[in-house]
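Geometric and topological summary
This is what each chain is made of:
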Amino acid sequence: MRDSSEFDVSSELLAWYDRHAREMPWRVSPADRAAGVLPDPYRVWLSEVMLQQTTVAAVRDYFMRFTTRWPTVQALAAAPDDQVMGEWAGLGYYARARNLLKCARVVADEHGGQFPDTYEALLTLPGIGPYTAAAISAIAFDRPETVLDGNVERVMARLHDIHDPLPGSKPQLKDKAAAHTPQARPGDYAQAVMDLGATICAPKSPACGICPLREPCRARKAGTQADLPRKTPKKPKPTRYGHVYIAQRRDGAVLLERRPDKGLLGGMLGWPGSDWSDAPVETPPFAADWQVLPAEVRHTFTHFHLILRVWTTDLPDDTSPDGLIILDKHQFRPGDLPTVMRKAHDLWRGR
């Protein structure tokens, strides 16, 4: 059996990709790429930002809505913040949406609507880190950058039978990935290795029998593929608690707050509420006969679980609490709320 140092990994993987590339709304197929069709950097960038911490299946509809509504980076840059945040609602990790707008505006205002085409220049844009810069420069501009996401880490760990646990093994896995990145067709290769990890070299039950890299795969030879990549155990997520207050006027207007720009749900509209902690203090936005709903909102963020108690009351016509927003019923769209706040809305409406 030849090992991966003797086996032309990139050639075999590209040949496999030419036959089996997944169809995605942001992707230029290998056949079209060979015919001279170039990827749109805007669509590549948008898809990569959306795909962070999210699955392809979850992203497709969001991507189509975004690109239908804002087909260019200039159009997105000119969009009102609330509209963009509303379209993003449900994808989570809302800092990505804030950085999305910042990045679009920098590209539109400072780069003439054209994304920089090098890794180093892309890193200077808001919200673009090493992975995203490498992915855009490879996929959109065909530069031989090393793209390392979870799928690539898994392929490299198995191909080279690396047992050091993640995240500590990332530098070693990146070195292996860099060694296989070709000068020719690096954009297609980056997508090929990600496709391989997503479809064949899957986390559970990898389909080794049909893998184009089965011959040099050291983990397959050792029988360790199902155990890789190893990961350092995560600490259990803590649970935090909070209160939210929903008040509606007789004409249907509702009371909302805009959260601070920094922190979770930064800059988004939501229901006024308490802090989120082990023992949150009840902090209604105005004195009234607040009634607590008999059920709770449960939501999970990246680092903690959240349980919210939902309080409701009528909003008097002459009440206008400082720092809060009274939104007319015709302007209020529950779909613009972040998911946790929409859950509170749905609970309130359901009761």
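The structure displayed is predicted, hence computed values, not measured ones.

Overview of the overall build of the chain
Scanning the chain from N- to C-terminus turns up 14 helices and six strands. The C-alpha extent of the chain, read off along each of the three principal axes, is 80 × 45 × 30 Å. Residues classed as buried in the chain amount to 50% of the 351 residues present. By sequence separation, contacts in the chain at least 24 residues apart represent 69% of the contacts at least 6 residues apart.

A closer look at the packing of helix 3 (residues 41-51) against helix 4 (residues 56-69)
It is the contact of helix 3 with helix 4, at a shortest axis distance of 10 Å, that shows an interaxial angle of 140 degrees. By the angle between their axes, helix 3 is oblique relative to helix 4. Crossing handedness for the pair helix 3 and helix 4: right-handed. Seen from helix 3, the contacting residues are Tyr42, Arg43, Leu46, Ser47, Met50 and Leu51; seen from helix 4, they are Val56, Val59, Tyr62, Phe63, Phe66 and Thr67. When its residues are assigned to classes, the contact of helix 3 with helix 4 shows nine nonpolar, two polar and one charged.

What to know about the environment of Gly197
Among the secondary structure elements, Gly197 is positioned in helix 12 (residues 186-199). Accessibility expressed as a relative area gives 0% for Gly197, which makes it buried. Put simply, Gly197 and Gly335 are 138 residues apart on the chain and 34 Å apart in space, counted from C-alpha to C-alpha. Residues within four places of Gly197 in sequence aside, it is in contact with Asn151, Arg154, Val155 and Ala202.

Concerning the environment of Val254
Locating Val254 in the fold gives a position in strand 2 (residues 254-258). Those residues in contact with Val254 that lie beyond four places of it in its chain are Ala247, Gln248, Trp271, Ile325, Ile326, Leu327, Phe332 and Trp348.

Describing the environment of Trp348
In this structure, Trp348 sits in helix 14 (residues 339-350). Residue class for Trp348 comes out buried when judged on its relative accessible area of 13%. Taking the C-alpha atoms as reference points, Trp348 and Val59, separated by 289 residues in sequence, lie 28 Å from one another. Setting aside residues up to four positions removed in sequence, Trp348 forms contacts with Ile246, Gln248, Val254, Trp271, Leu293 and Thr312.

Let's talk about the packing of helix 3 against helix 7 (residues 95-110)
At a closest axis distance of 10 Å, the pairing of helix 3 and helix 7 adopts a crossing angle of 160 degrees. Viewed along their axes, helix 3 and helix 7 adopt a mutual orientation that is roughly antiparallel. By crossing handedness, the relation of helix 3 to helix 7 is classed as right-handed. The residues of helix 7 that touch helix 3, namely those facing Trp45, Leu46, Val49, Met50 and Leu51, are Arg96, Leu100, Cys103 and Ala104. In terms of residue class, the contact of helix 3 with helix 7 is made up of eight nonpolar, no polar and one charged.

Comments concerning unusual backbone geometry
That bond from Leu166 to Pro167 is cis: its omega, 5 degrees, falls within 30 degrees of zero. Tracing the sequence through the fold places Pro167 in the loop between helix 10 (150-159) and helix 11 (170-180). Residue Pro229 follows Leu228 across a cis peptide bond; omega there is -5 degrees. In this structure, Arg185 takes a positive phi of about 55 degrees despite not being glycine. You can see Arg185 is positioned in the loop between helix 11 and helix 12. Positive phi outside glycine occurs at Leu265, with the angle close to 55 degrees. Relative to the helices and strands, Leu265 is located in the loop between strand 2 and strand 3 (269-270). Take Leu265: its relative accessible area is 2%, and that puts it in the buried class.

Reading the values: the criteria
- Residues numbered from 1 in each chain as written.
- Predicted model: local features only at pLDDT ≥ 70, side-chain atom pairs only at ≥ 80, totals over all residues.
- Heavy atoms only, no water.
- Helix = DSSP H or I, 4+ residues; strand = E, 2+ residues; numbered from the N terminus.
- Buried < 20%, exposed > 50% of the residue type's maximum accessible area, 1.4 Å probe, protein only.
- Contact = heavy atoms within 4.5 Å.
- Axes fitted to C-alpha atoms, helices over the stretch in contact; angles between N-to-C directions.
- Parallel < 35°, antiparallel > 145°, perpendicular 65-115°, else oblique.
- Left-handed = near helix turned anticlockwise from the far one by under 90°.
- Nonpolar A, V, L, I, M, F, W, Y, C, P; charged D, E, K, R; others polar.

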